[in-house]
Amino acid sequence: MNPLNHVAIIMDGNGRWGLKYKNSRNAGHRAGLNTVEKIIKEAIHQKIEYLTLYAFSTENWKRPRKEIKYLFDLLENFLITKIDKLNDQNIKLKIIGIKNFSTKLNKLLNLAEKKTLKNTKLQINLALNYGSKAEIINALKKLKKNKKPINEKNLTKNLQTKDIPDPEILIRTGNTQRLSNFLLWQAAYSEIFFEKKLWPSFERRDFKKIIRKYKLIKRNFGSI
Ligand code: IPE
Ligand code: IPE
Ligand code: MG
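Described below are features of the structure shown in this document. In this text the structure is predicted, and so the values were computed from the model without any measurement. (Residues numbered from 1 in each chain as written. Chains lettered and ligands numbered in written order. Predicted model: local features only at pLDDT ≥ 70, side-chain atom pairs only at ≥ 80, totals over all residues. Heavy atoms only, no water.)

1. A closer look at the packing of aromatic side chains
Line of reasoning, step 1. One pass over the full model with this rule turns up 11 aromatic pairs.
Line of reasoning, step 2. When the centroid spacing of 5.1 Å and the interplanar angle of 40° are considered together, the rings of Phe 72 and Phe 101 count as tilted. Taken together, the residues Phe 72 in helix 3 (residues 65-88) and Phe 101 in the loop between strand 3 (91-96) and helix 4 (103-115) connect sequence positions 29 residues apart.
Line of reasoning, step 3. Judged by its relative accessible area of 11%, Phe 101 is buried.
Line of reasoning, step 4. Chaining the aromatic ring pairs together yields one cluster made of Phe 56, Trp 61, Phe 72 and Phe 101. (Phe/Tyr/Trp six-rings, centres within 6.5 Å; stacked < 30°, edge-to-face > 60°. Helix = DSSP H or I, 4+ residues; strand = E, 2+ residues; numbered from the N terminus. Buried < 20%, exposed > 50% of the residue type's maximum accessible area, 1.4 Å probe, protein only.)

Next up, the structure:
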């Protein structure tokens with residue numbers, strides 16, 4: 001059976017779920033948070049070490065201001081109300097992406113990272129204002145500045161995911177089959193699962209089913 005350390009998820013479909021069931025995209029974003037909590041529980045249950053969640057891309061700034069504000073208000077509220085619970089569960093929170101939000105949100109994010117820094121059960125990488133292309137370009141710029149040779153190892157070491165293994169599983173919910181600028185380098189050999197369900201409808205059992213399937217895949221990495 002294949003080992004599993006890292007699962008990455010593109011949590012897509014909130015807006016469509018909200019429009020379909022509550023006549024509001026934002027209601028979908030709210031509902032999506034419940035799924036986040038369920039999937040964290042299952043990740044712990046499965047003894048997964050790293051869970052990377054795509055919450056906001058560098059391209060999501062193209063959305064209406066009101067929706068963006070709603071998303072960041074939700075996040076603020078989540079951090080304020082849940083960070084102690086995450087901490088009690090020995091969960092480490094790390095932000096990947098560029099933290100250039102409001103002063104209040106930046107502070108909250110830094111505090112949450114600092115508070116949970118030494119936790120060891122599960123590391124959640126929250127991808128916020130994250131774009132894989134920007135991440136790779138930044139890594140290359142660092143190598144150039146420090147006059148380091150450009151090779152696979154050095155590039156990997158300068159990504160925001162530097163200390164963690166590549167995801168063995170990448171899931172995208174929401175019935176869309178694309179990567180939308182997520183972990184382009186790190187997912188070079190990930191097993192990719194495109195899930196029809198919208199994120200708020202995604203359940204622990206759907207997650208479990210994907211993990212079961214993954215464990216039986218013959219992973220070749222170019223060999224036979
Ligand atoms: C994903 O859901 C969440 C974010 C991008 C913040 P969407 O908001 O993209 O939902 P759909 O794809 O429009 O349904
Ligand atoms: C990807 O979803 C980003 C997140 C889930 C945070 P999008 O809904 O933004 O992706 P596109 O625009 O459909 O590719
Ligand atoms: Mg979407």
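2. Some details on the site of ligand 2
Line of reasoning, step 1. Ile 10, Met 11, Asp 12, Tyr 54, Ala 55, Phe 56, Asn 60, Arg 63, Arg 172, Arg 178 and Ser 180 make up every residue found near ligand 2.
Line of reasoning, step 2. Within the contact set of ligand 2, an oxygen atom lies 2.6 Å away from a side-chain nitrogen or oxygen of Ser 180.
Line of reasoning, step 3. Coverage of ligand 2 by the protein chains reaches 78% of its 390 Å² of free accessible surface.
Line of reasoning, step 4. Element by element, the count of residues in the shell around ligand 2 is highest for strand 2 (residues 50-57), at 3 residues. (Near = heavy atom within 4 Å. Polar contact = N/O pair within 3.5 Å; in protein donor to acceptor, adjacent residues only side chain to side chain. Areas by Shrake-Rupley, 256 points an atom, 1.4 Å probe, with all protein chains shown as cover.)

3. Notes on the pairing of strand 6 (residues 191-194)
Line of reasoning, step 1. Burial along strand 6 is one-sided: Glu 191 and Phe 193 are buried, while Ile 192 and Phe 194, pointing the other way, are not.
Line of reasoning, step 2. Direction of pairing for strand 5 (residues 169-172) relative to strand 6: parallel, over a ladder of 4 bridges. The residue of strand 6 that forms the bridge with Leu 170 is Ile 192. (Pairing = 2+ DSSP bridges.)

4. What about the sheet that holds strand 6?
Line of reasoning, step 1. Taken in spatial order, the 6 strands line up as 3-4-2-1-5-6 in an open sheet, and their pairing is parallel. At either end of the open sheet lies a strand with only one pairing partner, and these are strand 3 and strand 6. Taking each pair of neighbouring strands and ignoring which way they run, the sheet shows an average axis angle of 20°.
Line of reasoning, step 2. Sheet topology note: the strand 2/strand 4 (residues 122-130) ladder contains 7 bridges and is parallel. Counterpart to Thr 52 in the pairing with strand 4 is Asn 125.
Line of reasoning, step 3. Of the strands in this sheet, strand 3 and strand 4 touch helix 4, which is tilted by about 140° from strand 3. (Axes fitted to C-alpha atoms, helices over the stretch in contact; angles between N-to-C directions. Contact = heavy atoms within 4.5 Å.)

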